[in-house]
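Here are the chains, one letter per residue:
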Amino acid sequence: MKKIYFLASLLLIGAAASAQLQNAIVARSDKAIITENAERPNIHQDRAPGDVILTYEDDFSNAANWTVANSSSPAGDWTIDATGAAVGDPFASTTAANGFAWYDADATGVDLASTTDATLTYNTVMDFTGYTAVAVEFESYYIEYQTQAIVQVSTNGMAGPWTDYEVHLGVTDNNSSANPTNVVVNVSSQVANQSTVAVRFHYVGGWGFQWSVDDFAMVEAYEHELETTWANFSMGTEAVEYYSIPTSQITEVTFGSLAQSNGITTQTNVEMTAEVDAGSTYSGTSGQSVTLMEGQSDTFSIEAGNGWTPTAGTYDLVISVGSNETEQLPVNNDWAANPITVGGNVYARDDGFSGGGFVGFISTQGDPIAVGNVFEIMADETFGKIDIGVTSAMDNEGSIMYGAIYKWNGAGWDLEMITDDYTVQNGDLGTIVSLELPANYDATAGYILVAAAGRLTDDPLFATAQPTYVGSVIAFHSSGELGSSDPEAIIARFNTDPSSVGIDEQPNITGLNIFPNPADESTQLTYFVVNEGNVTLTLTDLSGKVVYNENFGSQTKGEYKVELSTSDISNGVYFYTLTVGDHAKTKKFVVSH
């Protein structure tokens, strides 16, 4: 499936069922950045925002009201019936039972060369003479993967040209919108007082998933309508969010947002407000006086010195936007964070609400890889464990994973410490697993660290949470560090619980692996020396005969990579044993020329 193929520069986030999981991984509520309206009145004569204009509405019960066309490869058209796409959940639109429009790009496509390019056109040419505020409204369910969901309007009937209004901009790759999402697109600037207006839906891009549409209507647009299209909070010089914060890491929280005016009337004195616990714990405003015309947007912030410094407790945060004018659609003014917990033993970037899993990169399929979130250490702290979220996918069972700590050295990342390998059990599926470090890790104030979840193959699937800041999720691979243009926080956390590994139990070797495995002409041995000692490598066949032996001499603590030639080794199954001091570890590999 294409879910494991993507551009090498981008992270893959695999869709996963959002069932409630154990140990603080729970299903994430959708926060798609999109205009939503709870209910559409059907009172034509009221001439109020949200009312249907004349009789321009359709519930897709009659497919003859629509025309489909496509330039997709392979060819595939929109379908109008009550079946729906095979990928994703059944469409939960209001009138789904009597039919809706859907395009299953997942089933239509066959490989990475597949493209999606299909239109769905309303057959009625519409007259909006006398109407100065016009919007397209419909119910939608969209799963994103290298595609765009676009509403198009023409003031020259079916002949075009067409003006694009992209929707579902807040849905990231391999994630979905709410099911359904009520979408309202203000098209007044194009169609107000126009007498030959046409509307169509255009689904375009690569080998995508699906888009479903129902309950279409042309409605009167809002005069005063602001929308918070993006919002978040952050801490420290790295300016990233933390949802679980030990008291040692408390520092001031600042806030930011992006707001847009969707109404036809200019909005004056627009500003952002951030409130913790409905204002009883903290309330602050951006203090900016911004004027937004129709379609304009601007950024807002509450900077250091005016933010919130929390104490121990659990908090609810809401960021909202407002203006001097009376808002007509307040439902999309607010952005609500999931609860923020201060105190306890967990230092977490993720919000604990999992909506998918980290799959990998097109260039790293089958390779060992570690991925995690960037953390800033605000004050000295000691960590004894790495907590890793595992999705409920059955393929995870029996796979190998590990935890790792990387530290920024000013020019690159150093592997600081790595746990021993852990085999995922059935009972771990859908939970957070704590992996003990080989010793307690002392982090000093000012350190920039990554808490990473690592694996030796394409499994297990590590749980992902909320969309987060670009550059704050990093993957480590033999080819270098990789990042994402639309990252989601990995559920990989620091835990201040002390490691219970005693001095006598501490392994001298962690992270032992050979890749590629099977090997042809050569392979790479990687390992991490925990305690300094003399290091030797021995390869034996199934009979116990030694086919290769090398003494690397004394090696200090750190990560090592050794290129091994296997061109003179016969095809077969072998064991490799790495010995550091008095400690040895053995694993299996295959040579196949």
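Residues numbered from 1 in each chain as written. Predicted model: local features only at pLDDT ≥ 70, side-chain atom pairs only at ≥ 80, totals over all residues. Heavy atoms only, no water.

Colleague: Quick rundown of unusual backbone geometry? Include the residues and the values.
Modeller: Along the chain, Ser73 connects to Pro74 via a cis peptide bond; the corresponding omega equals -5°. Within the element layout of this structure, Pro74 appears in the loop between strand E4 (66–70) and strand E5 (79–81). Between Asn179 and Pro180 the backbone carries a cis peptide bond, its omega angle lying at 0°. The phi dihedral of Leu54 is positive, around 50°, even though this residue is not glycine. Tracing the sequence through the fold places Leu54 in strand E3 (residues 52–58). For Leu54, a relative accessible area of 37% gives the class partly exposed. One non-glycine residue, Asn269, lies in positive phi territory at about 50°. Tracing the sequence through the fold places Asn269 in strand E17 (residues 267–276). Residue classification places Asn269 among the partly exposed positions, given a relative accessible area of 35%. (Helix = DSSP H or I, 4+ residues; strand = E, 2+ residues; numbered from the N terminus. Buried < 20%, exposed > 50% of the residue type's maximum accessible area, 1.4 Å probe, protein only.)

Colleague: Outline the packing of aromatic side chains, listing residues and values.
Modeller: As enumerated under the stated definition, the model contains 34 aromatic pairs in all. Their ring planes at 75° and their centres at 6.3 Å tell us that Trp230 and Tyr469 sit as a pair that is edge-to-face. Remark: Tyr469 occurs in the loop between strand E35 (462–467) and strand E36 (473–477) and Trp230 occurs in strand E14 (residues 226–235); sequence separation between them is 239 residues. An aromatic cluster of at least three residues, connected via ring pairs, comprises Phe60, Trp66, Trp78, Tyr103, Tyr122, Phe138, Tyr142, Phe201, Tyr203, Trp211 and Phe216. One residue, Arg200, lies across the ring of Trp162, its end atom 4.2 Å from the ring centre. (Phe/Tyr/Trp six-rings, centres within 6.5 Å; stacked < 30°, edge-to-face > 60°. Lys NZ or Arg CZ within 6 Å of the ring centre and 35° of its normal.)

Colleague: If you had to explain the environment of Gly372 to someone new, which residues and values would you point to?
Modeller: Inspection of the secondary structure puts Gly372 in strand E28 (residues 369–376). Each C-alpha atom, one on Gly372 and one on Leu449, is 9.6 Å from the other, the two residues being 77 residues apart in sequence. Ignoring sequence-local partners within four residues, the contact set of Gly372 consists of Val450, Ala451, Ala452, Ser472, Val473, Ile474 and Ile490. (Contact = heavy atoms within 4.5 Å.)

Colleague: Got a sec to walk through the sheet that holds strand E29 (residues 381–389)? Specific residues and values, please.
Modeller: Here we have 4 strands laid out as an open sheet, ordered E25-E39-E29-E33, and antiparallel in their pairing. Among the strands making up the open sheet, the edge pair consists of strand E25 (346–347) and strand E33 (432–443). Note that E29 and strand E39 (residues 492–495) share 4 bridges and pair antiparallel. Bridge pairing in E39 places Lys385 opposite Asn495. (Pairing = 2+ DSSP bridges.)

Colleague: Provide a residue-level description of the sheet that holds strand E9 (residues 147–154), including the pertinent values.
Modeller: The 5 strands are arranged E4-E7-E12-E9-E10 in an open sheet whose pairing can be described as antiparallel. The outermost strands of the open sheet, each flanked by one partner alone, are E4 and strand E10 (163–167). This sheet shows a mean twist of 20° between the axes of neighbouring strands, independent of strand direction. Direction of pairing for E4 relative to strand E7 (residues 116–122): antiparallel, over a ladder of 5 bridges. Bridged to Val68 within E7 is Leu120. (Axes fitted to C-alpha atoms, helices over the stretch in contact; angles between N-to-C directions.)

Colleague: Could you give an account of the nonpolar core, with specific residues and numbers?
Modeller: Counting residues in each nonpolar core, the largest one holds 62 residues, and the members touching the most others are Phe233, Phe255, Leu317 and Phe494. Broken down by element, the residue count for this core peaks at 6 residues, all from E33. Sequence-distant contacts of Phe494, defined by excluding residues within four places in its chain, comprise Asn345, Val346, Tyr347, Phe375, Phe383, Lys385, Ile386, Ile405, Leu449, Val450 and Ala451. Ranked by size, the runner-up nonpolar core spans 37 residues in total, among them Val199, Trp211, Val213 and Phe216. (Core = buried A, V, L, I, M, F, W, Y, C linked by side-chain atoms within 4.5 Å.)

Colleague: Give a detailed account of the pairing of strand E13 (residues 210–220), specifying residues and quantitative values.
Modeller: With 11 of 11 residues buried, E13 is to be regarded as a mostly interior element. Pairing of E3 with E13, which is carried by 3 bridges, proceeds in the antiparallel orientation. Bridging from a neighbouring strand, Asp58 pairs with Phe216 of E13. In this sheet, E13 lies alongside strand E6 (residues 100–104) in antiparallel orientation, the contact comprising 4 bridges. Along E13, the bridge assignment pairs Ala101 with Val213.

Colleague: Describe the pattern of salt bridges, and please don't skip the residues or the numbers.
Modeller: Proximity of charged atoms lets side chains of opposite charge pair with each other. Enumeration over the complete set of coordinates arrives at 4 salt bridges. Here Arg493 makes a salt bridge to Asp350, at a shortest N to O gap of 2.7 Å. Of this pair, Arg493 sits in strand E39 while Asp350 sits in the loop between E25 and strand E26 (353–354), and the two are 143 residues apart along the sequence. (Salt bridge = Lys/Arg side-chain N within 4 Å of Asp/Glu carboxyl O.)

Colleague: Please give an account of the side chain of Glu327 that cites residues and values.
Modeller: Residue position: Glu327 is located in the loop between strand E22 (317–322) and strand E23 (334–336). A distance of 3.0 Å separates a polar side-chain atom of Glu327 from the backbone nitrogen of Leu226. The residues touching Glu327, leaving out its near neighbours within four places in the chain, are His224, Glu225, Leu226, Asn332 and Asn333. (Polar contact = N/O pair within 3.5 Å; in protein donor to acceptor, adjacent residues only side chain to side chain.)

Colleague: Before we move on, could you go through the pairing of strand E12 (residues 198–205) and cite the residues and values that matter?
Modeller: With respect to burial, E12 is a largely interior element, 7 of its 8 residues being buried. Strand direction decides the pairing type here: E7 and E12, joined by 6 bridges, are antiparallel. When the bridges of E12 are listed, Thr121 appears paired with Arg200. As judged from the 8 bridges shared by E9 and E12, these two strands associate in the antiparallel manner. Its bridge partner being in E12, Ile150 is matched across the sheet by His202.

Geometric values such as these leave the question of function open.
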